[in-house]
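# Commentary on secondary and tertiary structure
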Amino acid sequence: MRFLFFFALLAVQAGALAQDIPSFKFGKVSAAALSVKSYPVDSNAAAVLLADVGSSAIKGNNKGWFSLEYKLLRRIHILKSSAFDKATVEIKLYTNGEDEEELDDLKAVTYNLEDGKVTETKLNVKSSVFKERIDKNTVIKRFTLPNVKEGSIIEYEFKLTSDFLFNIQPWNFQGDIPRLWSQYTVTIPQFMNYMLIPQGNLTYYSSDRKDKMESYFVEVRRELGPGAFVTDRFNISCGVSDFRWVMKDVPAFKEEAFTSAALNYVARHEFQLAGYLAPLNEEKIMTTWADMTTRLLKREDFGEQLNKTAAWWPADLEKLLKGTGGETDIARKIFSYVRDNYTCTSHSQLFVEESLKKTAGKKNGGVAEINLLLTALCRYAGLQAEPVILSSRGHAFVSERYPVATRFNYVICRIYADGKEILLDASYPHLGFGKLPYECYNGMARVVNEAATEISLRPDMLTESSQTSVFLGYTPGGKWTGQVNKRYGYFASEKARQTVRKEGMDGLTGELKRIYGNDFTVDSLLADSLAFLESPITLQYRLRFQNEEAAVIYFNPVLGERYKQNPFKSDNRRYPVEMPYKTNEFYSLTMEVPPGYVVEEMPRPVSLKLNVQGDAVFDYRISQSNGYINLQYKLDIRKAVFSPVEYDLLRVFFGNMVAKLDEQIVLKKK
């Protein structure tokens, strides 16, 4: 047998042997099961998935080909009201606009224990299942199980039949609640070639494969004449392999601060159709990156849209481009035109939902439509422009080994202007020319050209730099008045511009008041570079607050935004810490010691280094002289991604830094 699938399996077997496999049947819920109040896997869990049992198999159909049959049985114990949302179930169905995956044999029941007896409340499948179209390829069927209480066990099962052989269902062994038993079986005939893409670092309880011979019956209906049909039946006997993976007592995946996407690290199996083998006509489906991008260029909902620009070229853009200088000037004007005149309705989209002609007329669309439109306009204006596909932060990483189109969910534009490569994203109204949102820096991207050129977009390529300086004076009666100059980082500047656009300068003043707290007054706000979208903004404002003229004054010299708690709370971490960018933060304060007071106590200077390499440094310097206290601190995080091995160092580093930033100056009346 020739299975690319098998070779991938060998890499993840981890020496697992067959174990005793329990049998789960729908409706077999006992009073003893309902009486359980907590589980050893997590005694504080709001819900526990008791059984998650799924299977996928290839079946012959009556359409002259094959179908995928997916079955699922799921049983969940709801222990606390905070987990009632688990009773709402969404089942995704793939559609190509003409055909749609079929959901059948749906059953759902809520079990409760009342007076020592098990009661059942069944879902009315005919009236309580609702259908919603999400996009052109996704339909959701949704239902909520009835009569759910604390202590209920909910159970549902269904069958999903799909004619889309590429859409073999993925399987998550891990999720946001613990799983006592997670089992997935996949049955593959020798004429189908699938690639298994595993991830996660949890160990199988059981992993096995059984080979057998099986027959597949395929029916083809032929028309003999008007109103006369005949059905031909074909029988294919071949080797078949049953793969089964089981994980037991799987802890919940707890997402912490600085995680790009939980989907990158949960224990999970994904599948990709690689091709067909004998006795079918042999065909490679998953081949190379260049093959994938070449196919994208030929798709009507992607590359073909770039060839029809003349039909919708905006007349007002023609006027805008008159008198332009070089290529960069042309690119700037086209980029600004699209950014300022079109509204992005979705920042997760790979293929266009509507033609670019319709997008141009509606003045809105998803990120693929907006940036493919930008690419088409740049090309039509004579620039070298190409689309680039990537996976945004929060979606999933793109595998560098496997050309899997479903891993991509975002489109940007690459141009060459005056000999320079420039990456553009016109989907955000406050993003400058040549800037990308930090969500785009999530690893590898691919230019959609015949070479499938690779572009690296790593968070380590970004640095968010900010500077704050405060001068604080004191007047009798406990009144403090300060002058603040703050230069935001680029991404903080983009957020501030959004606030000003929606709420005006009052909105920005209000945001500063929320940062400082109710005891502070912010006024006389001035903002520099608001209109220059390629530059960070600088704010100047007056800060006022009042303390009582007490015998002892406690005062934290770090005003405004700062780390107030350690973002790393867990004792350990199995997956990397992924910050969106490197950080360079500088803060300085000069404050007057109030007349009649002396400094009783002051924080000590400290210098913290994460490790010998200095991948993160915190330097805190404070002194007093001539009636003034001077403080300067600098936080320099010199890389964005830290391995799990470095987690303990990072946790201690942030803990010590937060403690230092929380220290106060003690002023005592003479």
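In this text, all values refer to a predicted model and were calculated from it rather than measured experimentally.

On to the overall build of the chain, then. Counting its regular elements, the chain contains 10 helices and 35 strands. Structurally, the chain occupies a C-alpha span of about 105 × 80 × 50 Å along its principal axes. The buried share of the chain, reckoned over its 670 residues, is 50%. Long-range pairs, those at least 24 residues apart, make up 73% of the contacts in the chain between residues at least 6 apart in sequence. When the accessible area of the chain is evaluated, it comes to approximately 31800 Å², of which 48% is carbon and sulfur surface. For the chain, the distance from the average site of its 85 positive side-chain charges to the average site of its 82 negative ones is 1 Å.

On to the side chain of arginine 75, then. Considering the arrangement of structural elements, one finds arginine 75 in strand β2 (residues 66–78). Exposure remark for arginine 75: the relative accessible area of 9% places this residue in the buried category.

Look at helix α6 (residues 327–341) against helix α8 (residues 367–380): their axes get within 10 Å of each other, and the N-to-C directions meet at 150°. Between α6 and α8, the interaxial angle falls into the category roughly antiparallel. Note that α6 runs across α8; the crossing there is right-handed. Residue-level inspection shows Ile334, Phe335 and Val338 of α6 in contact with α8, the latter providing Ile370, Leu373, Leu374, Leu377 and Cys378.

Okay, the pattern of salt bridges next. Taken as a whole, this structure holds 37 salt bridges when the rule is applied. In this structure, the salt-bridge partner of glutamate 386 is arginine 414, at a minimum N-O distance of 2.8 Å. In this pair, glutamate 386 is assigned in strand β18 (residues 384–390) and arginine 414 in strand β19 (residues 410–417), connecting sequence segments 28 residues apart. In this structure, glutamate 386 and arginine 414 share a single accessibility class: buried. Ionic contacts of the salt-bridge type, sharing partners, join the residues Asp52, Arg74 and Arg179 into one network.

Looking now at the environment of glutamate 120. Checked against the element boundaries, glutamate 120 lands in strand β5 (residues 117–122). By relative accessible area, which is 46% here, glutamate 120 ends up partly exposed.

Turning our eyes to something else, we now look at the pairing of strand β22 (residues 454–457). The two faces of β22 differ: Ile455 and Leu457 on one face are buried, but Glu454 and Ser456 on the other face are not. Pairing between strand β21 (residues 443–447) and β22: 4 bridges, direction antiparallel. Paired with methionine 444 across the two strands is serine 456, which belongs to β22. Counting the residues between successive antiparallel strands, the hairpin from β21 to β22 contains 6 residues, one of them, alanine 452, with a positive phi of roughly 50°.

This paragraph deals with the sheet that holds strand β27 (residues 552–555). Within a sheet, adjacent strands bond to each other through the backbone by hydrogen bonds, running parallel or antiparallel. What the 3 strands build is an open sheet, ordered β27-β35-β30; its pairing is antiparallel. Edge positions in the sheet fall to β27 and β30 (597–601), since each has one partner strand and no second. Each strand axis lies, on average, 30° off the axis of its neighbour in the sheet, ignoring direction. Across 4 bridges, β30 lies against strand β35 (residues 665–669) in antiparallel orientation. The residue of β35 that forms the bridge with tyrosine 597 is lysine 669.

Okay, helix α4 (residues 289–298) next. Here α4 has its buried residues at Trp289, Met292, Thr293 and Leu296. Buried residues in α4, looked at end-on, bunch into an arc of 90°, giving them a common side. If you follow the buried residues of α4, they end up packed against β18 and β21.

Membership of the largest hydrophobic core comes to 65 residues, with the highest contact counts inside it found for Phe302, Val338, Leu374, Ile389 and Ile415. With residues up to four places along the chain from it excluded, the contact list for isoleucine 415 reads Ala331, Cys378, Gln384, Ala385, Lys420, Glu421, Ile422 and Leu424. By size, the runner-up hydrophobic cluster in this structure holds 54 residues, among which are Ala83, Ala87, Trp245 and Leu280.

Turning to unusual backbone geometry, a few remarks are in order. In the Ramachandran plot, lysine 363 falls in the positive-phi region, its phi being about 65° despite a non-glycine side chain. Summarising the element assignment, lysine 363 is placed in the loop between α7 (356–362) and β17 (364–366). By relative accessible area, which is 30% here, lysine 363 ends up partly exposed. Even without being a glycine, aspartate 418 presents a positive backbone phi close to 50°.

Taken in spatial order, the 5 strands line up as β20-β19-β18-β21-β22 in an open sheet, and their pairing is antiparallel. Every interior strand has two partners, whereas the edge strands, β20 (420–424) and β22, have only one. Put simply, the sheet's adjacent strands are angled 30° from each other on average, direction ignored.

As a further point, take the confidence of the model for the chain. Of the residues in the chain, 95% reach a pLDDT of 70 or more, and the chain-wide mean stands at 91. Of the regions scoring below 50 in pLDDT, residues 1–18 engages in 47 contacts with residues more than four places distant in sequence or in other chains.

A few words now on the pairing of β27. Burial of the side chains of β27 is restricted to one face: Ile553 and Phe555 are buried, whereas none of Val552 and Tyr554 on the reverse face is. Here 4 bridges tie β27 to β35, and the two strands are oriented antiparallel to one another. Residue tyrosine 554 lies in a different strand from β35, and its bridge partner there is valine 666.

Time to look at the packing of aromatic side chains. Per the counting criterion, the structure on display carries 46 aromatic pairs. Relative to phenylalanine 166, the ring of phenylalanine 164 has its centre 5.9 Å away and its plane inclined at 55°; by these criteria the two rings are tilted. On the accessibility criterion, phenylalanine 164 (9% relative accessible area) is buried. Residue class for phenylalanine 166 comes out partly exposed when judged on its relative accessible area of 41%. Taking 6.1 Å as the distance between ring centres and 10° as the angle between the ring planes, the aromatic pair formed by phenylalanine 243 and tryptophan 245 counts as stacked. With a relative accessible area of 1%, phenylalanine 243 lands in the buried category.

Definitions and cut-offs
Residues numbered from 1 in each chain as written. Predicted model: local features only at pLDDT ≥ 70, side-chain atom pairs only at ≥ 80, totals over all residues. Heavy atoms only, no water. Helix = DSSP H or I, 4+ residues; strand = E, 2+ residues; numbered from the N terminus. Buried < 20%, exposed > 50% of the residue type's maximum accessible area, 1.4 Å probe, protein only. Contact = heavy atoms within 4.5 Å. Areas by Shrake-Rupley, 256 points an atom, 1.4 Å probe, with all protein chains shown as cover. Lys, Arg positive; Asp, Glu negative; His and termini not counted. Charge placed at Lys NZ, Arg CZ, Asp CG, Glu CD. Axes fitted to C-alpha atoms, helices over the stretch in contact; angles between N-to-C directions. Parallel < 35°, antiparallel > 145°, perpendicular 65-115°, else oblique. Left-handed = near helix turned anticlockwise from the far one by under 90°. Salt bridge = Lys/Arg side-chain N within 4 Å of Asp/Glu carboxyl O. Pairing = 2+ DSSP bridges. Arc of directions from axis to C-beta. Core = buried A, V, L, I, M, F, W, Y, C linked by side-chain atoms within 4.5 Å. pLDDT = per-residue confidence, 0-100. Phe/Tyr/Trp six-rings, centres within 6.5 Å; stacked < 30°, edge-to-face > 60°.

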